[in-house]
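Each chain, letter by letter, is given below.
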Amino acid sequence: MSKRYESTGIIHLKIQEKRKGVVFFVPDKDHCVNHQGKEYAVFLSKGRKTKSRNAVKVLAIKKCLNSVKLKLNNSKMNTALLDTATKGSAVDVKVKCKKDGKKLKLKLIGITVPALSVK
């Protein structure tokens, strides 16, 4: 069974020919924890009530961009993601978490971007 989680930060987008895009998510300081010199991204459970052990997912942050790799679930998001990544705006991401053997795999299923200001 997959669970849905959210976190806040910025994204970097990598689009590869003939492959689905990959999003690198860099959590903000409020969605990170440091433990024994290592940094971890924190994703909080969203949706139905969950047991306390399922309320939080903590994932090691990779050295590349100090980020967590998210698989792009829907190629229709590319335009919004490209615009957001270009601006470096803070976003809220929603992910689906599935266990693949011993690894956790996250798929990006939603992103909330700030509205543009009217001038």
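Worth saying up front: this structure is predicted, and the values here are computed from it rather than measured. (Residues numbered from 1 in each chain as written. Predicted model: local features only at pLDDT ≥ 70, side-chain atom pairs only at ≥ 80, totals over all residues. Heavy atoms only, no water.)

Undergrad: I tried to follow the overall build of the protein chain on my own but got confused; where do I start?
TA: Helices and strands together make up the secondary structure of the protein chain, namely one helix and eight strands. In sequence order, the protein chain lays out its α and β elements as β-β-β-β-β-β-α-β-β. Here the protein chain holds 119 residues, and 31% of them are scored as buried. For the protein chain, long-range pairs separated by at least 24 residues make up 57% of all intrachain contacts whose partners lie at least 6 apart in sequence. Of the accessible surface of the protein chain, which amounts to about 8,600 Å², a share of 50% is contributed by carbon and sulfur atoms. (Helix = DSSP H or I, 4+ residues; strand = E, 2+ residues; numbered from the N terminus. Buried < 20%, exposed > 50% of the residue type's maximum accessible area, 1.4 Å probe, protein only. Contact = heavy atoms within 4.5 Å. Areas by Shrake-Rupley, 256 points an atom, 1.4 Å probe, with all protein chains shown as cover.)

Undergrad: Help me understand unusual backbone geometry, please; the structure alone is not making it clear to me.
TA: Glycine aside, negative phi is the norm for most residues, and most peptide bonds take the trans geometry. For Gln 36, which is not a glycine, the phi torsion comes out positive at approximately 50 degrees. Looking at where Gln 36 falls in the secondary structure, it is placed in the loop between strand 3 (32–35) and strand 4 (38–45). Judged by relative accessible area, which is 73%, Gln 36 ranks as exposed.

Undergrad: Help me out: how do you make sense of the pattern of salt bridges in this one?
TA: Pairing between side chains of opposite charge can happen when the charged atoms of each approach one another. Summed over the entire model, instances satisfying the criterion amount to one salt bridge. Here Glu 6 and Lys 94 are joined by a salt bridge, their closest N and O atoms 3.8 Å apart. Taken together, the residues Glu 6 in strand 1 (residues 3–14) and Lys 94 in strand 7 (residues 91–100) connect sequence positions 88 residues apart. Accessibility expressed as a relative area gives 41% for Lys 94, which makes it partly exposed. (Salt bridge = Lys/Arg side-chain N within 4 Å of Asp/Glu carboxyl O.)

Undergrad: Explain the environment of Leu 108 here, please?
TA: Along the chain, Leu 108 turns up in strand 8 (residues 103–112). For Leu 108, a relative accessible area of 0% gives the class buried. Sequence-wise, Leu 108 and Tyr 5 are 103 residues apart; in three dimensions their C-alpha atoms are separated by 9.9 Å.

Undergrad: Looking at this structure, I do not really get the packing of aromatic side chains. What am I missing?
TA: Pairs of aromatic rings are described using the distance from one ring centre to the other and the angle between the two planes. Per the stated rule, a full pass over the model turns up one aromatic pair. Taking the centre distance of 5.8 Å and the plane angle of 45 degrees together, the rings of Phe 25 and Phe 43 count as tilted. Taken together, the residues span a long stretch of sequence, with Phe 25 in strand 2 (residues 22–27) and Phe 43 in strand 4 at a distance of 18 residues. The residues Phe 25 and Phe 43 share a single accessibility class, namely buried. (Phe/Tyr/Trp six-rings, centres within 6.5 Å; stacked < 30°, edge-to-face > 60°.)

Undergrad: Would you mind going over the side chain of His 31 with me for this structure?
TA: Topologically, His 31 is positioned in the loop between strand 2 and strand 3. You can call His 31 buried: its relative accessible area is 17%.

Undergrad: Quick question: what am I supposed to make of the nonpolar core here?
TA: Nonpolar side chains tend toward joint burial in soluble globular proteins. Core analysis: the largest hydrophobic core is formed by 19 residues, its most contacted members being Phe 43, Val 68, Leu 70 and Leu 106. Sorting the residues of this core by element identifies strand 1, strand 2, strand 4, strand 6 (68–72), strand 7 and strand 8 as the ones contributing at least two each. Of the residues forming this core, the biggest block, four residues, is contributed by strand 7. Sequence-distant contacts of Leu 70, defined by excluding residues within four places in its chain, comprise Val 22, Val 23, Phe 25, Val 95, Leu 106 and Leu 108. (Core = buried A, V, L, I, M, F, W, Y, C linked by side-chain atoms within 4.5 Å.)

Read these as geometric descriptors, not functional statements.
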